[in-house]
Amino acid sequence: MSKIQMKNPIAELDGDEMTRVLWAVIKDKLLNPFIELKTEYYDLGLKERDDTDDKITYEAAAAIKRLGVGVKCATITSNAARVKEYNLKQLTPSPNGIIRAELDGTVFRKPIIVSNVKPAVKSWKKPFIMGRHAYGDVYKNCEMHVDGPGKAELVFTGKDGKEIRKTIAELSGPGILQGIHNLDKSIENFARCCFRYALDEKVDVWFATKDTISKTYDGQFKEIFQTIFDTEFKADFEKNGLSYFYTLIDDAVARIMKHEGGILWACKNYDGDVMSDMVASANGSLSMMTSVLVSPDGKFEYEAAHGTVQRHYYRYMKGEKTSTNPVALIFAWTGALAKRAELDDTPELAAFAKKLEKATLDLIEEGVMTGDLKALAEPAAKEILNSWDFIDRIAAKLQ
């Protein structure tokens, strides 16, 4: 059988632990037998990032911008335990945070729906699309621990040398401080990405912050969103019978739990991080979620919306074959291949991406799945497979 040809490469960003293991299996069993795969490979494994002082991460981000499409495996963001475990030089920053800042993109996440895995929230009938701002907030923060009493101040020095100074707190003893920021331009791009994506998907947009408490920071998000909508998108939304709705983040959470779904829920960076995991988990598994980073100038990075599955990796290192769900990793590849096909006008590649997604979902709907879906399957699962056997069964369907 002749392989499907690709015109241009995809930036391939490898990762860590169990997802790195499965990444290679997916390429070996589901991609290379069918496609003459073209990628520019960047190893974003934790040790390589540490060894290069994150130069490799910035190179990978530049490749996504240059090639237009990237696909990323899950990666570790280090903590003190990881520094010791991997003998690192330092605490390494989040590679996702670096890439998102470099692309100034918005992350869109959407549950992967199968008929025999029902949402934990009974009212949910359609998938929620999560739109997560991917710049600033705690992911690009500055923080410190102070060991005694004193005055904490927020200071801004303009280019002209003029200073704005505010007292944060008069600390009576040891404590912690954190400074976060955002940019009007990035918020504007976030709003535009959300409204454009909603028009493509033909869904309403909800946006939520806490402007009653954070009157300046969150208030700026609210004001910019409303201005962008009114001046650039309102007419198109009305033409398509769509709406834009703003509310407080706590009110949005309460409403979402009783909503039927089928909307784009836009969130600030941290809110989106937390709420997209909640939506994914309530729909069955963090491994049943697509995730794509979209830049304002139309660059795309597809990734799994979960971590590196550390516990399974330790079991794998002892010789055990685990039942880790590879669906989000597979869909990261199919999303990237489909976008590459769209940009390069290669319909055979687009058709293959659809076939691979269908083979994966058909297998689960036949009752054959990994262990994470077992407790949620209705009717009960017929077979629970380890990851390798599950991928082999998908490959057999493709054949």
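Rules behind the numbers
Every chain is numbered independently, its residues counted from 1 as its sequence is written. Whole-chain, interface and lining totals are the exception, using all residues; otherwise, since this is a predicted model, local features are given only for residues with pLDDT of at least 70 and side-chain atom pairs are given and counted only at 80 or more. Hydrogens and water are ignored here; the side-chain numbers use all heavy atoms of the structure. Think of it this way: any DSSP run of H or I at least four residues long counts as a helix, any run of E at least two long counts as a strand, and we number them from the N terminus. Only C-alpha atoms enter the radius of gyration, while the globule expectation follows 2.2 Å times N to the 0.38, with N the number of residues. By definition in these notes, contact holds between two residues if any of their heavy atoms fall within 4.5 Å. Just to be clear on terms, a salt bridge is a Lys or Arg side-chain nitrogen sitting within 4 Å of an Asp or Glu carboxyl oxygen. Here the term buried applies to any residue with accessible area under 20% of the maximum for its type, exposed to any over 50%, and partly exposed to those in between, with areas from a 1.4 Å probe on protein chains only. For two strands to count as paired, DSSP must find a minimum of two bridges between them. Note on definitions: angles span 0 to 180 degrees between N-to-C directions of axes, and those axes are lines fitted to C-alpha atoms, for helices only across the stretch in contact. Note: the arc covers the axis-to-C-beta directions of the helix. Candidate patch residues must exceed 30% relative accessible area and have no salt bridge, after which like charges are joined if within 9 Å and Val, Leu, Ile, Met, Phe, Trp or Tyr side chains if within 5 Å. Exposure was quantified through the Shrake-Rupley algorithm and a 1.4 Å probe, taking into account, for residues, occlusion by the shown protein chains and nothing else. Under the pairing criterion, centres of Phe, Tyr and Trp rings, with the six-membered ring standing for Trp, must be within 6.5 Å; the plane angle then separates stacked pairs below 30 degrees from edge-to-face pairs above 60, leaving the rest tilted. Here, a charge over a ring is recorded when the distance from Lys NZ or Arg CZ to the ring centre is within 6 Å and its angle to the ring normal is within 35 degrees. Just so you know how the angles are binned, under 35 degrees is roughly parallel, over 145 roughly antiparallel, 65 to 115 roughly perpendicular, and the rest oblique. With the far helix as reference, a near helix turned anticlockwise by less than a right angle produces a left-handed crossing, and one turned clockwise produces a right-handed crossing. Classification used: nonpolar for Ala, Val, Leu, Ile, Met, Phe, Trp, Tyr, Cys and Pro, charged for Asp, Glu, Lys and Arg, polar for all others including Gly.

**Here's the deal with the overall build of the protein chain**
In step 1: Secondary structure assignment for the protein chain yields 13 helices and 18 strands.
In step 2: For 399 residues, the compact-globule estimate of 2.2 N^0.38 gives 21 Å, and the C-alpha radius of gyration of the protein chain, at 22 Å, lies within 12% of that figure.
In step 3: Its C-alpha atoms put the protein chain at 70 × 55 × 45 Å along the principal axes.
In step 4: At a minimum sequence separation of 6, the contacts of the protein chain that also span at least 24 residues come to 77%.

**Thoughts on the pattern of salt bridges**
In step 1: Tallying each qualifying case throughout the model produces 31 salt bridges.
In step 2: A salt bridge links Glu-153 to Lys-151, with the shortest nitrogen-to-oxygen separation between them at 3.7 Å.
In step 3: Two residues, Lys-339 and Glu-342, come together in a salt bridge whose shortest N-O distance is 3.0 Å. Linking Lys-339 with Glu-342, this pair stays in helix H11 (residues 327–344), spanning 3 residues, or about one helical turn.
In step 4: We classify Glu-342 as exposed; its relative accessible area is 56%.
In step 5: Connected through salt bridges with shared partners, the residues Lys-151, Glu-153, Glu-163 and Arg-165 form a single ionic network.

**Overview of the sheet that holds strand E16 (residues 300–304)**
In step 1: The 10 strands are arranged E4-E2-E5-E16-E15-E6-E7-E14-E12-E13 in an open sheet whose pairing can be described as mixed. Each edge of the open sheet is held by one strand with a lone partner, namely strand E4 (39–43) and strand E13 (244–248). Averaged over all pairs of adjacent strands, the angle between their axes in this sheet comes to 20 degrees, without regard to strand direction.
In step 2: With 5 bridges connecting them, strand E12 (residues 204–209) and E13 associate as parallel partners.

**A word on helix H8 (residues 249–256)**
In step 1: Listing the buried residues of H8 in full gives Ile-249, Ala-252 and Ile-256. Along H8, the residues classed as buried sweep out an arc of 55 degrees about the axis, all on the same side.
In step 2: Among the structural elements, E12, E13, strand E14 (263–267) and helix H9 (269–282) are those in contact with the buried residues of H8.

**Description of a nonpolar patch on the surface**
In step 1: On the surface, a nonpolar cluster with roughly 400 Å² of combined accessible area is contributed by Val-138, Tyr-139, Ile-180, Tyr-270 and Val-274.
In step 2: If you trace the backbone, Ile-180 turns up in the loop between strand E11 (175–179) and helix H6 (184–201).
In step 3: Residue Ile-180 is classed as partly exposed on the basis of its relative accessible area of 37%.

**Considering the packing of aromatic side chains**
To describe a pair of aromatic rings, one takes the distance between the centres and the angle between the planes.
In step 1: Applying the stated criterion across every chain, the model contains 23 aromatic pairs.
In step 2: Ring plane angle 40 degrees and centroid distance 5.3 Å describe the contact between Phe-195 and Phe-233, whose orientation is recorded as tilted. Linking Phe-195 in helix H6 with Phe-233 in helix H7 (residues 217–239), this pair joins segments that are 38 residues apart in sequence.
In step 3: With a relative accessible area of 0%, Phe-195 lands in the buried category.
In step 4: Here the aromatic rings of Trp-206 and Phe-245 are separated by 5.2 Å at their centres, their planes lie at 70 degrees, and the arrangement is edge-to-face. With a gap of 39 residues between them, Trp-206 in strand E12 and Phe-245 in strand E13 connect regions that are remote in the sequence.
In step 5: Judged by its relative accessible area of 25%, Phe-245 falls in the partly exposed class.
In step 6: Among the aromatic side chains, those forming a connected cluster through ring pairs are Phe-190, Phe-195, Phe-207, Tyr-217, Phe-221, Phe-225, Phe-229, Phe-233, Phe-237, Tyr-244 and Tyr-246.
In step 7: The lysine or arginine in question, Lys-268, covers the ring of Phe-221, its NZ or CZ lying 5.8 Å from the ring centre.
In step 8: One Lys or Arg, Lys-339, reaches over the ring of Phe-300 and ends 4.1 Å from the middle of that ring.

**Overview of the packing of H11 against helix H12 (residues 347–365)**
To describe two helices that pack against each other, one gives the angle between their axes and the distance between the axes.
In step 1: One way to put it is that H11 packs onto H12 with a least axis distance of 7 Å and a crossing angle of 160 degrees. With respect to H12, the element H11 is oriented roughly antiparallel. Considering how the two elements wind past one another, H11 and H12 form a crossing that is left-handed. Mapping the contact onto sequence places Val-327, Ile-330, Phe-331, Thr-334, Gly-335, Leu-337, Ala-338, Arg-340 and Ala-341 in H11 and Leu-349, Ala-350, Phe-352, Ala-353, Leu-356, Glu-357, Thr-360, Leu-361 and Ile-364 in H12.
In step 2: Its residues placed into classes, the contact of H11 with H12 shows 13 nonpolar, 3 polar and 2 charged.

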